[in-house]
Structure formats: structure tokens, C-alpha cells
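Summary of structural features
So you can see what is in the structure, the chains are spelled out below.
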Amino acid sequence: FRAQLNYVHLQDYSQCTRSEDGRYNPTWVSVGEAECMDFGHIMKTVDDIGFERIVTCCPGEPAYDGEEAVAEATRSAGMRDYMRGLGY
């Protein structure tokens, strides 16, 4: 799918359960908060295939009702710092 890949969306989770109907129910966290995904290896693969488009990191849960925009920006900054720490 390399030729069709438009962007990479990084998402992290701390645990995942499965409901009786077979659906997965992850507990979403900001990228880098858990140890379920090897983002360093993922980004190495992105580099290895020569991907030069958008890579985005997703915060855990969406902004909570009443949460200020500054809190969401702070979470985003934390993910950016995490990715910089990996060399990206």
C-alpha cells in the first residue's frame, strides 16, 4: 500500500479488552504514554519506505467537556516532545 499511503496516524493505548460481540475496546492514551506500540520501530519503517507525507500523533481521549484548549495543546506538546526524543 506504499503508493496509496497518504498519511500515518499514530495512536496509543494502555490496554484493550474484547466485548462479547467481538469488538475491541482500547483505553486510548496519548502517543508515548503506554508501552503497547513501538513507535521508534514504526517511524524507522516510515523512513525506510521513503514516506515523506504527514505523520500525526493522536492524543488519548478527545478533549473532555469543559476542558480548556490549553490542556489539549499541552497534551499535544507532550507527544511532540516524545517523538522528538525518538529522533523525529
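So, a few notes on the structure that sits alongside this text. (Residues numbered from 1 in each chain as written. Predicted model: local features only at pLDDT ≥ 70, side-chain atom pairs only at ≥ 80, totals over all residues. Heavy atoms only, no water.)

Here the focus is the overall build of the chain. In terms of regular secondary structure, the chain is built from two helices and four strands. The linear arrangement of helices and strands in the chain, starting from the amino end, is β-β-β-α-β-α. Principal axes of the C-alpha set define a box for the chain whose edges measure 40 × 40 × 25 Å. Scored against the burial criterion, the 88 residues of the chain give a buried share of 20%. Taking the contacts inside the chain whose residues are at least 6 apart along the sequence as the reference set, 55% of them involve residues at least 24 apart. (Helix = DSSP H or I, 4+ residues; strand = E, 2+ residues; numbered from the N terminus. Buried < 20%, exposed > 50% of the residue type's maximum accessible area, 1.4 Å probe, protein only. Contact = heavy atoms within 4.5 Å.)

This structure, assessed with the given rule, holds four salt bridges. Where Asp48 meets Lys44, a salt bridge forms, and the shortest distance between an N and an O atom there is 2.7 Å. Taken together, the positions of Asp48 and Lys44, both in helix H1 (residues 39-48) and four residues apart, correspond to about one turn of that helix. Judged by relative accessible area, Asp48 falls into the exposed class, the value being 53%. For Glu72, the salt bridge goes to Arg75, with nearest N and O atoms at 2.5 Å. (Salt bridge = Lys/Arg side-chain N within 4 Å of Asp/Glu carboxyl O.)

A separate point is the pairing of strand E1 (residues 7-10). Residues Val8 and Leu10 of E1 are buried on one face, while the alternating residues Tyr7 and His9, pointing to the opposite face, are not. As paired elements, E1 and strand E4 (residues 54-57) share four bridges and run parallel to each other. The partner of Val8 across the bridge, within E4, is Val55. (Pairing = 2+ DSSP bridges.)

Counting residues in hydrophobic clusters, the biggest one holds nine residues: Val8, Leu10, Val31, Phe39, Met43, Val46, Phe51, Met79 and Met83. Those elements that provide at least two residues to this core are E1, H1 and helix H2 (69-85). At three residues, the largest contribution of residues to this core is made by H1. Beyond its immediate sequence surroundings of up to four residues, Met79 is in contact with Ser30, Val31, Cys57, Cys58 and Pro59. (Core = buried A, V, L, I, M, F, W, Y, C linked by side-chain atoms within 4.5 Å.)

This part is about the state of the cysteines. Across all of its chains, the model carries zero disulfides by this definition. Of all cysteine sulfurs, the one in Cys16 lies closest to Cys36, which takes part in no disulfide; the gap is 8.7 Å. A residue is classified by how much of its surface remains accessible, and Cys36, at 34% relative accessible area, is partly exposed. Unpaired in terms of disulfides, Cys57 finds its nearest cysteine sulfur in Cys58, a separation of 8.9 Å. The class of Cys57 is partly exposed, set by a relative accessible area of 24%. (Disulfide = S-S within 2.5 Å.)

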